[in-house]
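Listed below are the residues making up each chain.
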Amino acid sequence: MRFRVGQPLGYQPQQVLSLYVFALALFATGIAFGALAIGFLSPTQKHELSGSLGLFFSELRHGGVAEPELAFRYALGYHFKVLGLLWLLGLSVVGLPFIVVVVFLKGMVLGFTVGLLVSQSGWEGFLFALTAVVPPNLLVVPAVLVMSVAGMAFSLSLIRHHFLTRRQSLWPAFLRYAALVPVSTLALAVASWFQAYLSPAMMRLVAQMVSG
């Protein structure tokens, strides 16, 4: 039996592709909303965020960042919580709309983070985003999207099984769905390591270059 990502219970490649297109569009919409949300901040909120960023950059230049091991544990824990949430939501009929919300919020957080860095710190913020935010997300985003699509597909399979037909067993579909967890876990572990050990060094280098 050939393994196909996100193709449980007889879903055709065109149907799976439509789910990926939907997830990507949803994620991109979240990014756009996150970036636009910065424009709705009050002057006081922008001033506070700008001050916080300035303090962070100042501490960064002087080596005042969290211990890599602690940062790794925090990033790993956060990513694993999101992964576990997506997987559990996919196991229920009612989880489908919540998966949609999670994908949208992930995009919104990323858009807000990058937009804030650029709007408040200009080229320095852009370089920080390019060197520290984008690289780990090259692993995080695909892992989240793959699990989201697989979760949506499995949730749809549950609906199909319970309300339309009971002819096919869900067990093969569940095994394919569960097989994605180790792959996504590995990708998120590598991303967490990058965030904890490489991102601070790259950000410090950018800060030193910008400051002269």
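Because the structure is a prediction, the values reported are computed rather than measured.

**Re the overall build of the protein**
1) Next: Counting its regular elements, the protein contains five helices and zero strands.
2) Next: Along the protein, helices (α) and strands (β) appear in the sequence α-α-α-α-α when read from the amino end.
3) Next: For the protein, the proportion of its 212 residues judged to be buried stands at 38%.
4) Next: Put simply, 83% of the contacts in the protein that link residues at least 6 apart link residues at least 24 apart.
5) Next: Total accessible area on the protein stands at roughly 11700 Å², and carbon and sulfur atoms take up 72% of it.

**Observations regarding the UniProt feature "transmembrane region" (unreviewed entry) in the protein**
1) Next: The feature "transmembrane region" (unreviewed entry), as annotated in UniProt, sits at residues 20–41, 82–105, 125–154 and 174–194 in this numbering.
2) Next: End C-alpha atoms of residues 20–41 are separated by 32 Å, and the span's content is 82% helix alongside 0% strand.
3) Next: Helix makes up 79% of residues 82–105 and strand 0%, whereas the separation of the span's terminal C-alpha atoms amounts to 11 Å.

**Regarding the environment of Pro142**
1) Next: Within the fold, Pro142 resides in helix H4 (residues 96–164).
2) Next: The exposure class assigned to Pro142 is partly exposed, which follows from its relative accessible area of 39%.
3) Next: Sequence spacing of Pro142 and Ala187 is 45 residues, and the spatial spacing of their C-alpha atoms is 8.8 Å.

**Observations concerning the pattern of salt bridges**
Any two side chains of opposite charge can pair, given that their charged atoms come close.
1) Next: Applying the stated criterion across every chain yields a total of one salt bridge.
2) Next: A salt bridge links Glu69 to Arg73; the shortest N-O distance between them is 2.7 Å. With Glu69 and Arg73 both in helix H3 (residues 68–90), this residue pair falls four residues apart, about one helical turn.
3) Next: For Glu69, a relative accessible area of 47% translates into the label partly exposed.

**Structural notes on the nonpolar core**
Inside soluble globular proteins, nonpolar side chains tend to come together where they are buried.
1) Next: Counting residues in each nonpolar core, the largest one holds 39 residues, and the members touching the most others are Phe27, Leu86, Ile99, Val103, Leu145, Met147 and Tyr177.
2) Next: Residue assignment for this core shows that the elements contributing at least two residues are helix H1 (13–37), H3, H4 and helix H5 (171–211).
3) Next: Per-element tally for this core: the top contributor is H4, with 20 residues.
4) Next: Contact partners of Phe27, with chain neighbours within four places excluded, come to Val103, Lys106, Gly107, Leu110, Val141 and Leu145.
5) Next: Counting residues in hydrophobic clusters, the runner-up holds five residues, among them Phe128, Met203, Val206 and Ala207.

**So, a nonpolar patch on the surface**
1) Next: Residues Val118, Trp123, Phe126, Leu127, Leu130, Val134 and Leu138 make up a contiguous nonpolar surface patch of roughly 670 Å² in combined accessible area.
2) Next: Examined against the element boundaries, Phe126 turns out to sit in helix H4.
3) Next: Residue class for Phe126 comes out partly exposed when judged on its relative accessible area of 36%.

What counts, and at which threshold
Residues numbered from 1 in each chain as written. Predicted model: local features only at pLDDT ≥ 70, side-chain atom pairs only at ≥ 80, totals over all residues. Heavy atoms only, no water. Helix = DSSP H or I, 4+ residues; strand = E, 2+ residues; numbered from the N terminus. Buried < 20%, exposed > 50% of the residue type's maximum accessible area, 1.4 Å probe, protein only. Contact = heavy atoms within 4.5 Å. Areas by Shrake-Rupley, 256 points an atom, 1.4 Å probe, with all protein chains shown as cover. UniProt positions renumbered as here; feature names shortened; annotations may be inferred. Salt bridge = Lys/Arg side-chain N within 4 Å of Asp/Glu carboxyl O. Core = buried A, V, L, I, M, F, W, Y, C linked by side-chain atoms within 4.5 Å. Patch = residues over 30% accessible without salt bridge, like charges linked within 9 Å, V, L, I, M, F, W, Y side chains within 5 Å.

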